[in-house]
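This is what each chain is made of:
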Amino acid sequence: MSTSDFHTSASLSALGVAVGVLLLGGCEGNPSALEHSDELEVELTIEPGHVHILQTEVTYTVDVHDHHGDPVTDFVSLEVQRLAEGSDTWRGTALELAGDQYVGTYMFSSSGSYQLRVAGQRPEDTELVVLHEVAEPLGVARAHAEAGGYRVEFETFPGHIHEGDPATTRVWVMEQERDANGVRPPIAGLDVAVHLVEEDGSVFHYSAHEHEAGEYEADHEFLTPGACQVGIQFTGANGQPAEAAFTMHIVHAH
């Protein structure tokens, strides 16, 4: 997938797929069948096209036109839905009308490949209707930073964390440059510490264990909703202390 803006459009006729979605703090249900026959032209733009978890705020822009080419702006609800590879649950990001376009933002918390589609509900609809399915999946990479002469990548499992949830923080330390096979060699045998500062100022410090060569992890129960500052501390390539910093967000339990 190109790192340039991500564009897609589709002409719709006699669509027979829809979704019934219940929004509960960002968690939604699965598709149900619904007949819909309006002819609409839908264009979805995603900026930027190169996405990292925790670091890239994605902007979705959706343009909808009728068969006359006139903008359609009467949606009761319009959203971009995503399906993570290996999951059977579609989750949506609500869009707001801005002029003749619908716009919304989202920050991914788990890396991987995502199928995307646009779903909307007009006044005559009883449920959200799938308007457009994107042909190519969106690839989302782990958060990363450069520190101590190395590349450091970071992710939590799960990525979407509620207050009170236990989670695994995982860190990959590797060479900055790729080898002849296109792979960054892992840096094994480091003493890696994970330093966490939650929204309420609580501080936690863990000694990470090496799960695999160059892959380090520590477990933590996140107690406070809001921003959590993460510091990954280790000895750099020059023998000096180094730290890579990341910010993650904990949501209220629901």
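Residues numbered from 1 in each chain as written. Predicted model: local features only at pLDDT ≥ 70, side-chain atom pairs only at ≥ 80, totals over all residues. Heavy atoms only, no water.

Draft legend 1. Highlighting the overall build of the chain. Helices and strands together make up the secondary structure of the chain, namely 0 helices and 23 strands. Burial status across the chain gives 44% buried among its 254 residues. Long-range pairs, those at least 24 residues apart, make up 62% of the contacts in the chain with a sequence separation of at least 6. Here the chain has roughly 12,200 Å² of accessible surface; of this, 49% comes from carbon and sulfur atoms. (Helix = DSSP H or I, 4+ residues; strand = E, 2+ residues; numbered from the N terminus. Buried < 20%, exposed > 50% of the residue type's maximum accessible area, 1.4 Å probe, protein only. Contact = heavy atoms within 4.5 Å. Areas by Shrake-Rupley, 256 points an atom, 1.4 Å probe, with all protein chains shown as cover.)

Draft legend 2. Main features of the pattern of salt bridges. Tallied over the entire structure, the rule returns 6 salt bridges. For the salt bridge of Arg170 with Glu215, the shortest nitrogen-to-oxygen distance reads 3.7 Å. In this pair, Arg170 is assigned in strand β17 (residues 166-175) and Glu215 in strand β21 (residues 215-221), connecting sequence segments 45 residues apart. Each of Arg142, Glu146, Arg151 and Glu153 takes part in salt bridges that share partners, so that together they form one network. (Salt bridge = Lys/Arg side-chain N within 4 Å of Asp/Glu carboxyl O.)

Draft legend 3. Quick peek at the sheet that holds strand β16 (residues 161-162). What the 5 strands build is an open sheet, ordered β16-β23-β22-β18-β19; its pairing is mixed. One side of each edge strand has no neighbouring strand; the edge strands of this open sheet are β16 and β19 (203-207). (Pairing = 2+ DSSP bridges.)

Draft legend 4. Here's a closer look at the nonpolar core. The biggest cluster of nonpolar side chains holds 55 residues, and the ones touching the most others in it are Tyr60, Val62, Phe108, Ile232, Phe234, Phe246 and Met248. Ranked by residue count, the leading element in this core is strand β23 (residues 241-251), at 5 residues. (Core = buried A, V, L, I, M, F, W, Y, C linked by side-chain atoms within 4.5 Å.)

Draft legend 5. How the structure looks around the sheet that holds strand β15 (residues 150-157). With antiparallel pairing, 5 strands are arranged side by side in an open sheet as β14-β15-β17-β21-β20. Single-partner strands in this sheet number two, and they are β14 (143-147) and β20 (209-212). For this sheet, the mean angle separating the axes of adjacent strands, direction not counted, is 35°. Summarising the sheet, β17 and β21 pair through 7 bridges and their orientation is antiparallel. Pairing of Thr169 across the sheet is with Ala218, part of β21. (Axes fitted to C-alpha atoms, helices over the stretch in contact; angles between N-to-C directions.)

Draft legend 6. Structural detail: unusual backbone geometry. Residue Pro48 is bonded to the preceding Glu47 through a cis peptide linkage, with omega at -10°. The residue Pro48 is located in the loop between β4 (40-47) and β5 (51-52) in this model. Note that the residue after Phe157, namely Pro158, is joined by a cis bond; omega there is 0°. Along the chain, the position of Pro158 falls in the loop between β15 and β16. We note that Leu54 has phi near 65°; this positive angle belongs to a residue other than glycine. On the secondary structure map, Leu54 appears in the loop between β5 and β6 (57-66). Overall, the relative accessible area of 17% leaves Leu54 in the buried class.

Draft legend 7. Representation of the confidence of the model for the chain. Considering every residue of the chain, the mean pLDDT works out to 88; 85% of them sit at 70 or more. The low-confidence segment residues 8-37, where pLDDT is below 50, has 87 contacts with residues more than four positions distant or belonging to other chains. (pLDDT = per-residue confidence, 0-100.)

Draft legend 8. Focus on the side chain of Arg184. As for its placement among the helices and strands, Arg184 is situated in the loop between β17 and β18 (193-197). One polar contact links the side chain of Arg184 to the main-chain carbonyl oxygen of Gln176, over a distance of 3.0 Å. Apart from residues no more than four positions distant in its own chain, Arg184 is found in contact with Arg151, Met174, Glu175, Gln176, Glu177 and Arg178. (Polar contact = N/O pair within 3.5 Å; in protein donor to acceptor, adjacent residues only side chain to side chain.)

Draft legend 9. Structural context of the pairing of strand β8 (residues 91-94). One ladder, built from 4 bridges, connects strand β7 (residues 77-84) with β8; its direction is antiparallel. Bridge assignment links Gln81 to a residue of β8, and that residue is Gly92. Counted along the chain from β7 to the antiparallel partner β8, the turn is 6 residues long, and its residue Gly86 has a positive phi close to 90°.

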